[in-house]
Amino acid sequence: QGQPSKIERDYTNTMRVLLLSFPPDVAEDMRDAQFRFEKAMNTISKATAGYKKDLPVEIDTKSIVEAKQGWEDGRVALNEFFVLLNSAVGLSELKAIPAPGPNQVKEYGRSARRFNELQKKTKLCQNRGGPALSQAWGQLMVSGYLQDSCGIPDLEEYFYQTA
């Protein structure tokens, strides 16, 4: 079977786990949104099949249109899943992804730079063996300043960022 894709690991499996924690009547609509999301991601996979990001090849405009449509369908399905999940738990924690346009990044309100920093620091921490072992590594390393050797920022501050 091979390894699951990043979409499978980061989104679809997470959705499945969440769905198992809700009663069937609540989870049914969420499952429909999940299936629509999976279908949209398959559309992107089929549209980009055979293209490698490191090979300079001419990309068919039809493939670009199909991939963009798959992205839009996936965005709508994921937003629907978020809305249903927020209403099921009675909170408004998950933010919908705004429609494409010149103000999309501004409307979303999350920083791409801060996300990339978090990803890098998380990977570095994992490579050092997690928070417990990273303390030992940090004590072994000689540096001129004191810092959290894992380097992961406060997640409460990260998830509720304003810009």
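Anyway, here's the lowdown on the structure attached to this text. Since the model is a prediction, treat every value here as computed from it, not as a measurement.

There is about 1800 Å³ of room inside the largest pocket. What lines the largest pocket is a set of 45 residues, and nearest its centre among them are Tyr 11, Tyr 108, Arg 110, Phe 115 and Tyr 158. Elements that contribute at least two residues to the lining of the largest pocket include exactly α1 (6–20), α2 (24–47), α3 (61–89), α4 (104–108), α5 (112–127) and α7 (155–159). When residues in the lining of the largest pocket are grouped by element, the largest group, nine residues, is from α5.

What follows concerns the nonpolar core. Met 30, Phe 37, Leu 78 and Phe 81 are the most contacted members of the largest nonpolar core, which totals 15 residues. Elements with a contribution of two residues or more to this core: α1, α2 and α3. Among the elements that line this core, the one with the most residues is α2, at six residues. Apart from residues no more than four positions distant in its own chain, Leu 78 is found in contact with Tyr 11, Met 15, Phe 37 and Ile 97.

Pairing between side chains of opposite charge can happen when the charged atoms of each approach one another. In total, this model carries seven salt bridges according to the counting rule given. Salt-bridge contacts for Arg 36 lead to Glu 80; the nearest nitrogen and oxygen are separated by 2.5 Å. In this pair, Arg 36 sits in helix α2 while Glu 80 sits in helix α3, placing the two residues 44 residues apart along the sequence. Linked by salt bridges that have partners in common, Glu 8, Arg 16 and Glu 38 make up one network.

Here is what the cut-offs are and how they apply
- Residues numbered from 1 in each chain as written.
- Predicted model: local features only at pLDDT ≥ 70, side-chain atom pairs only at ≥ 80, totals over all residues.
- Heavy atoms only, no water.
- 1 Å grid on protein atoms, 1.4 Å probe; cavity = no way out; pocket = protein on both sides within 12 Å on 5 of 7 lines; lining within 4 Å.
- Points joined across faces, edges and corners; volume = space filled by probe spheres on them.
- Helix = DSSP H or I, 4+ residues; strand = E, 2+ residues; numbered from the N terminus.
- Core = buried A, V, L, I, M, F, W, Y, C linked by side-chain atoms within 4.5 Å.
- Buried < 20%, exposed > 50% of the residue type's maximum accessible area, 1.4 Å probe, protein only.
- Contact = heavy atoms within 4.5 Å.
- Salt bridge = Lys/Arg side-chain N within 4 Å of Asp/Glu carboxyl O.

Interpretation note: all reported values are geometric properties and have no functional meaning in isolation.
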